[in-house]
Amino acid sequence: MEWETVIGLEVHVQLNTQSKIFSGASTAFGSAPNTQACAVDLALPGTLPVLNEQALKDAILFGLAIDAEICQASVFERKNYFYPDLPKGYQTSQMDAPIVGAGVVEISLEDGSTRQIRVHHAHLEEDAGKSLHEANFEHHGQGQSGIDLNRAGTPLIEIVSEPDMRSAEEAVAYLRKLHSIITYLGISDGDMSQGSMRCDANVSVRFKGEEQYGTRAEIKNINSFRFVDRAIKVEAQRQIDVLEDGGKIVQETRLYDSDKNETRSMRSKEEANDYRYFPCPDLLPVKIESSLIEQLRTQLPELPDAKRQRFESEYGLSAYDAGLLTGERAIADYFEDVAKLSGDAKLAANWVNGELSAALNKEDMNIAASPVSAEQLGGLIQRIRDNTISGKIAKQVFEGLWNKEADSADAYIDAKGLKQVSDTGALEAMVDEVIANNPEQVEQYRAADDGKRKKLIGFFVGQIMKVSKGQANPGMVNKLLNEKLGG
Amino acid sequence: MPSYTVAEILQKLESRECSSEEITQSYLDAIAKQDGTINSYITVTAEQALAQARAADELRAKGDAPALCGLPIAHKDIFCTDGIRTSCASKMLDNFIAPYNATVVEKLAAAGVVTLGKTNLDEFAMGSSNETSFYGPVRNPWDINCVPGGSSGGSAAAVAAGLAPIATGTDTGGSIRQPAALCGLTGLKPSYGRVSRYGMIAFASSLDQGGPIARTAEDAAIMMQAMAGFDLRDSTSMDVPVPDYRAALNNDIKGKKIGVPKEYFSAGLHPDIAAAVQTALAEYQKLGAELVEISLPHTELAVPCYYVIAPAEASTNLSRYDGVRYGYRCEDPQDLDDLYTRTREEGFGEEVKRRIMVGTYALSAGFYDAYYRKAQQIRRLIRNDFVEAFKQVDFIAGPTAPNPAFALGEKANDPVTMYLEDIYTISVNLAGLPAISLPAGFSNGKPVSLQLIGRDFDEAGLLAAAHQYQQISDWHRQIAPHAV
C-alpha cells in the first residue's frame, strides 16, 4: 500500500496598514520594545477598540482576489486565554462570521499541471505581542522574560485552507501563491523572515485511495518556504513510521526544529485551551455595503494568474518563463519595464530570469534592491539587439552595472571600449591574420567534411575573439571565415 | 451651600454671588466633616479641585466661562482620570494611576467642572449595596445603618449627604437608578450608546452606560448636556443628535401615554413603594398624562438572563487584570501560573470572583448554547416586549427598586436576594433603553422611587416628565438627616 500525505495550511498574514487593527499606534517593524504600544494596546482599564477601516478593506480585497464570498455582517469575537504577551487576556478574532468566506487558489506544479486548493475562510484578527526569553535583561537579572507589545494589535488575516494538499510540494506552491496574491494586492510585504507571513501546517497521512482522513498533527509557526517543505516531509514520515510500527497518531500541536530537522510535541488536544469564543461586545457587527465591495473590486490589480496568461500571449513567453516572472509583482513590473525599454520581450525575460535573478539570489536580495535598474538593463539589451555588443560582452557590461562602475550600459561600453567590431575591413584583416598563423588547422579544416567543419570553425572564431578582445561581431566573423576557408 | 442644586450653584456663580473657590471649599469642608461616617469618597482631590476652581474663577472673570464653569462634581471611581488613582474600588487597581482621561471626564472638564474626587462603588461595579468595595461600605445618609444601594453608592451618598452637588455614575443593571432611589435622588441611565464608554472601566460592555446622579431632573439635564454625544473612540457609541435637554424640560406631557406594566407590581414589591408609585402615577394623570395598563411578558426572565450575560462579559473584560502590566501583583510569584492564580485570587474580592466563575462557566464549551446563546435569545424577547409596548405608550412607569434601603450586611451573604434588588432595573439595560429614577415618597423615613422608562434616545422626554413631576412634588427637596 502506498501512503498519502494530507495537508491543510493556516496562514497568518500581517497587513501593512499604517496603524493597528484596533488602535492608532504605528505598526512599523523594528522599533525599541514597547514604544509602539498605546493605552489600547496595553489593555489599560477602560480602553476600547475601534476597527481600522483599511484592515477591513485589505481583507475584502484578499477575498475578492480568491473569488470568495464577502460576509456583509461580519462579527468579531473574543478568543479567551491567558498569556503575558496577550494584554487583554483575549485575542479579538473572528469565528462564526468571518469577513471572507470560501474561495479558491490555483497552484501550478513543476510538471506543468495545476490544482485548485480550496480556502475554507479567511478572518481578521489582532496579533499578540512578543515574549523575549533572554538570559539577562539589563537591570532585571537572570532568568527573566520581557514582553514587547509593539506587535500587539497588528492586523492579521488568517487564511484557512481545506485539507486539499497532497504533498509538501503542493503546500509550498500554495503558500507561494498566497504570497504572490498578497504582495500583488499590496496588503502585506509577505516577508516570512520578519514574521509578516507565518504558517501552521495540519499534517496527516492515510493509505492512498482511502476516504477517511488520518489523525492530524498541527505544526506551529513555520517561518520559511523551505522549512514548510522540510517540516511537512519529516512530519509525514514520522507519522508513517509510527503507523507502520503499529502505533497511533495523537492529535496534538508540534513544533518544527529546523536545526535537527524534526518535529516535537508541544501540547496534546487534552491540554488545549477552551477559548470560550463569544461576540465581542465592544465591537458591533461590521456591516459592509455592496457598494464598498464593488468599489474595491474595481481597485483589484491584475493578479498573478491573469498576468501570467497575458505574458504568454502578449510577449510570446513560455509558460515556464511567464510563471517565473509573475511570481512576484515587483519582478513582473520590472520585466515589463525592461521589455518596453529594450523592445525585445524574450531577451528581457531571459535576462531577468537568468543573469539578474542569479545575481539577486547570490546576494540574497529582492528586486527592489537590485543595483541594476530596469532602465539600465533595457539599455543593455538594446545594445545587444543593435549589435553594438555581443551576448558575451553583455555579461561583462551587466557585471559593471551591478558593481555601479557606470550609470548606463552605453557609458560602460564607451569607457571600456567594448564596442563590437563590425567594420568589414578590420575584421578581414583579423581573419587573414589568424588563417596565416594557423596553416595546420586550415589544412585540417579544408580536408574535413561538413559535419566536422562546423566543429573546427570554432577554433578560428575563438582565435579571432582573442585577437579582438571579444569585440568582433561573431556573425560577421563566421561569414568571413566561411568565405575565406571554404575557398 | 451643600444642599443647593446645580442650577442654583450655577446661578450663584454667574451672578458672582459666590466664587467657585468658595463653593469648592465648602464642599471640601463638608467632605472633611462628614465623609468619615459616609465613606462616599475613595479619593478626594482637594488641592487639584481648588486649583481648578481658581482657574474657573479667572475664566469667568475674563468672560469666557463654559457652561459648567466652576461647578464642583464627583466622579464615580470607575472613570479614568489622568494622573489620579482610578481604583474601581478594587485591591486590583489600588495602585493604578490612570494615564488618560475617560471621554466623560474630558467632556465635563471641557465644560469647566471642578473635580472634588472619586467616589466609592461596589468593586468593579458588581453589587447593589456598595458593600463589595475594597475601601469599605458606604453608608446611606438617610440611615447610616443602611446601604446606599449600588453600585454607584458613593456617588449617590455623596450627593445625598451634601458632599457633592452632583456626580457621575454608571448603570449596568440599575447601578445609577437603584442608589438614586435609595438615597432620594434623581438618576438618569441614558440609552445604550448615548454616553461614551471610553475610559469607563468595563463591567459588562453591552450593558454599561454612564449617567448623572443629581438632586433634580433639571440638574441631571444640565449634566447630561455635557456628558452625551457620539465618540469615535467608542464603537458602540451612537451618532444621534443631542437635543438641548434643559430647554426641553418644559415640553408638555399633557396627552402623553404612560404604560403601567402589570408585571412591575409583583409579589416581592414593598407595599409602601407600590403605594407611592400609584400616588405618583395619579399625579401624572393630574398633569394630563394618560395611564395605560400594559404587559411586558418576559419581565421575570430578566434577572436570570442578566446574570448570564453580565458575568459572561465581565469574565473576559476582567482578564486583563493579570499582574503583568499594571495593578496588583502577588508577592514573589514562582512561575507564570502562580503569578496569575495568586494575583487574581488576592486582587479580586469574593463577588467579583463569583461573577468571573459564573461567566466563565456560561461561555465554556458544552454550556455556551444552554446559557449564553439562550440568554441572548431571551434578551431579544425582552427588547421586543418594550418595542411592542412603545407602539402604544410614550413612557413606561413602575418602581425603581422593590425595597427601600436595607441594613448593612442584611443581604451581603445572600447573592440571589441581592440580585433581585435589580429586578425592575435590569430589563432596561438588556433592552438598551433610557430610564430615570425619581423620588416619590418615603417608607419609614427612607426614600422610595418611581422609575420612568423611555424610548430609545428619548432622554429629553424622560427628563421633562421627571422635571414636571418635581414641579408639583417636593420629595426631591427633602434633606437627609446625615447630610451636612
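Since we're looking at a predicted model, the values are computed, not measured.

We now examine the overall build of chain B. The number of helices and strands found in chain B is 15 helices and 11 strands. On C-alpha atoms alone, chain B measures out to a radius of gyration of 21 Å, which is about the 23 Å that the 2.2 N^0.38 rule sets for 484 residues. Overall, the C-alpha framework of chain B stretches about 65 × 55 × 45 Å when taken along its three principal axes. For chain B, with 484 residues in total, the buried portion stands at 64%. By element, 51% of the accessible surface of chain B is carried by carbon and sulfur atoms, the whole surface being about 16,100 Å². Placing the 42 positive and 57 negative side-chain charges of chain B at their respective mean positions leaves the two points 3 Å apart.

Mapped onto the present numbering, the UniProt feature "domain: Asn/Gln amidotransferase" (unreviewed entry) falls on residues 333-485 of chain A. Across residues 333-485 of chain A one finds 75% helix and 0% strand; the C-alpha atoms that close the span lie 48 Å apart.

Before going further, it helps to spend a moment on the UniProt feature "active site" (unreviewed entry) in chain B. Residue and element names in this part refer to chain B. When the UniProt feature table is mapped onto this chain numbering, "active site" (unreviewed entry) sits at K76, S151 and S175. Their sequence span is 100 residues, while the largest C-alpha to C-alpha distance among them is just 11.0 Å; these annotated residues converge on one region. Inspection of the secondary structure assignment puts K76 in strand β2 (residues 72-76). On the secondary structure map, S151 appears in the loop between β3 (114-119) and α5 (153-160). Its relative accessible area of 0% is what places S151 among the buried residues. Those residues in contact with S151, other than ones at most four positions away along the chain, are K76, N120, L121, D122, A125, M126, G127, N130, T170 and S175.

Residue and element names in this part refer to chain A. Taken in spatial order, the three strands make up an open sheet running β4-β3-β16, and their pairing is antiparallel. Of all strands in the sheet, those with a lone pairing partner are β4 (90-93) and β16 (278-279), marking the two edges. Strand direction decides the pairing type here: strand β3 (residues 77-80) and β4, joined by four bridges, are antiparallel. Its bridge partner lying in β4, N80 is registered against Y90.

Taken as a whole, chain B shows an average pLDDT of 97; of its residues, 100% reach a score of 70 or greater. Across the interfaces of the predicted complex, the ipTM metric reaches 0.96, alongside a pTM of 0.90.

Time to look at the sheet that holds strand β1 (residues 3-14) of chain A. Residues and elements named next belong to chain A. With respect to topology, eight strands assemble into an open sheet ordered β5-β6-β11-β1-β12-β13-β14-β15, the strand pairing being mixed. Edge positions in the sheet fall to β5 (103-108) and β15 (262-268), since each has one partner strand and no second. Across the sheet, the mean angle separating the axes of adjacent strands is 30 degrees when strand polarity is ignored. Pairing geometry for β1 and strand β12 (residues 197-207), over 11 bridges, is antiparallel. Residue pairing in the sheet places H12 in a bridge with R198 of β12. In the packing of helix α2 (residues 168-185) onto the sheet, the strands contacted are β1, β5, β6 (114-126), β11 (155-161) and β12, and the crossing angle to β5 comes to about 115 degrees.

Conventions adopted
- Residues numbered from 1 in each chain as written.
- Chains lettered and ligands numbered in written order.
- Predicted model: local features only at pLDDT ≥ 70, side-chain atom pairs only at ≥ 80, totals over all residues.
- Heavy atoms only, no water.
- Helix = DSSP H or I, 4+ residues; strand = E, 2+ residues; numbered from the N terminus.
- Rg over C-alpha atoms; globule rule 2.2 N^0.38 Å.
- Buried < 20%, exposed > 50% of the residue type's maximum accessible area, 1.4 Å probe, protein only.
- Areas by Shrake-Rupley, 256 points an atom, 1.4 Å probe, with all protein chains shown as cover.
- Lys, Arg positive; Asp, Glu negative; His and termini not counted.
- Charge placed at Lys NZ, Arg CZ, Asp CG, Glu CD.
- UniProt positions renumbered as here; feature names shortened; annotations may be inferred.
- Contact = heavy atoms within 4.5 Å.
- Pairing = 2+ DSSP bridges.
- pLDDT = per-residue confidence, 0-100.
- Axes fitted to C-alpha atoms, helices over the stretch in contact; angles between N-to-C directions.

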